[in-house]
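Observations on chain architecture
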Amino acid sequence: MPAQAYIGKECICQFRRGLCDQTCVQGMLETPFYMACLKLTGRRCLVVGGGDVGLEKVEGLLACDGEVTLVSPEAVPPLRELAEEGSIRWEAREYRTSDLDRTFMVIASTGDTDVNIRVWEEAEERAMLVNVVDVPPLCNFILPAIVRTGPLAIAISTAGASPALAKRIKAEIADEYGEPYARLAELLNEVRGWAKGNLPTYGDRKVFFESIVGGEPDPVELLRQGDEPAVRDLIERARADTEARLESTAA
């Protein structure tokens, strides 16, 4: 279970049990999460809490081009440096309800249960995305472990059951799916415009790209061997074959 929710520890969620009895995490493993990728460019993202966990969340948002505001009376030195260089906006004070104005997403990482609950309740009232770190019932979205290489991003979630297991899976996936897959994604993206302009249906486009990705020779293996020209030839042959098939069908 999440690090801050286990039997015998002081309750930190809205159930206010005194000592935790894991009421908040019951049913978490059965929760069907809707997986999505969010575009944060140009969107205001709020982080409440200026400690090491807050730093981790800020860095994750910046990596996705979010416009980050930090609200916290104090901040660890790396967060101060980000504010000084202009990468984030730092409001050196306590959280206010108005901080949620014109905000797309809020992440709370404070050590104050009352503040965390308040952030959750006020964000929920506004139908906002809200995550209180390590407190599952105070989240309407969770943050999976991410393997990121170029345009390729793979998310791993255990629904909060075991961050350690998610970390292991992340390391294994990073070893298996790395640069060759990311480079193949970039090469396939180069022909998306042609496919959209020349292949009339989704089914046609699906067949075209699957013939490359799942065909022979294996494009990923070719890229592992450093033979990118062979992959480009493979894509060009698939395009020529598709054009010939379409011409034949039209005739």
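Placed above this text is the structure.
Note on numbering: residues in each chain are counted from 1, in written sequence order. Confidence filtering applies because this is a predicted model: local features only for residues at pLDDT of at least 70, side-chain atom pairs given and counted only at 80 or more, and all residues used for totals across whole chains, interfaces and linings. To get the side-chain values, take all heavy atoms of the structure and skip hydrogens and water.

What follows is about the nonpolar core. Of all hydrophobic cores here, the largest spans 18 residues; its most connected members are F208, I212, V231 and I235. Here a strand is any run of E in DSSP of at least two residues, a helix any run of H or I of at least four, and the numbering for each starts at the N terminus. Counting only elements with at least two residues in this core, the list comes to α5 (179–189), α6 (192–198), α7 (202–213), α8 (219–224) and α9 (228–250). Per element, the largest residue contribution to this core is five residues, and it comes from α9. Take the buried Ala, Val, Leu, Ile, Met, Phe, Trp, Tyr and Cys residues and link them wherever side-chain atoms come within 4.5 Å; each set so joined is a nonpolar core. Partly exposed describes any residue whose relative accessible area lies between the buried limit of under 20% and the exposed limit of over 50%, with all areas from a 1.4 Å probe on protein chains only and scaled to the type maximum.

This brings us to the packing of aromatic side chains. Only the six-membered ring of Trp is used, alongside the rings of Phe and Tyr, when aromatic pairs are assigned; centres must lie within 6.5 Å, and planes under 30 degrees apart are stacked while those over 60 apart are edge-to-face, with the rest tilted. Counted under the stated rule, the structure contains three aromatic pairs. Centroid distance W194 to F208: 5.1 Å. Interplanar angle 55 degrees. Geometry classified as tilted. One end of the pair, W194, is in helix α6; the other, F208, is in helix α7, and 14 residues separate them in sequence. According to the relative accessible area criterion, W194 is buried, its value standing at 13%.

Disulfide assignment relies on a single distance test, namely cysteine sulfur atoms paired within 2.5 Å. If you walk through the whole model with that rule in mind, you get zero disulfides. Note on C45: no disulfide assigned, nearest cysteine sulfur contributed by C64 at a separation of 9.0 Å. Relative accessible area serves as the criterion here: at 0%, C45 is assigned to the buried category.

Positionally, P163 belongs in helix α4 (residues 163–176). Between the alpha carbons of P163 and A145 there is a distance of 8.2 Å; along the sequence they are 18 residues apart.

Two strands are counted as paired when DSSP detects at least two bridges linking them. The strand order across the open sheet built from five strands is β3-β2-β1-β4-β5, with neighbouring strands paired in parallel fashion. Of all the strands in the sheet, just β3 (89–91) and β5 (129–132) have a single pairing partner and so form its edges. Sheet twist, expressed as the average angle between the axes of neighbouring strands with direction ignored, equals 15 degrees. Pairing between strand β1 (residues 44–48) and strand β4 (residues 105–108): four bridges, direction parallel. In this analysis, axes come from line fits to C-alpha atoms, helices being fitted only over the stretch in contact, and the angle between any two N-to-C directions falls in the range 0 to 180 degrees.

To continue, consider unusual backbone geometry. Note that the residue after E216, namely P217, is joined by a cis bond; omega there is -5 degrees. Along the chain, the position of P217 falls in the loop between α7 and α8. In the Ramachandran plot, A127 falls in the positive-phi region, its phi being about 55 degrees despite a non-glycine side chain. Position of A127 relative to the elements: it lies in the loop between α3 (113–125) and β5. The class for A127 is exposed, based on a relative accessible area of 72%. Of note, the phi angle at D134 is positive, near 65 degrees, even though the residue is not glycine. For D134, the position within the fold is in the loop between β5 and β6 (145–149). A residue is classified by how much of its surface remains accessible, and D134, at 33% relative accessible area, is partly exposed.

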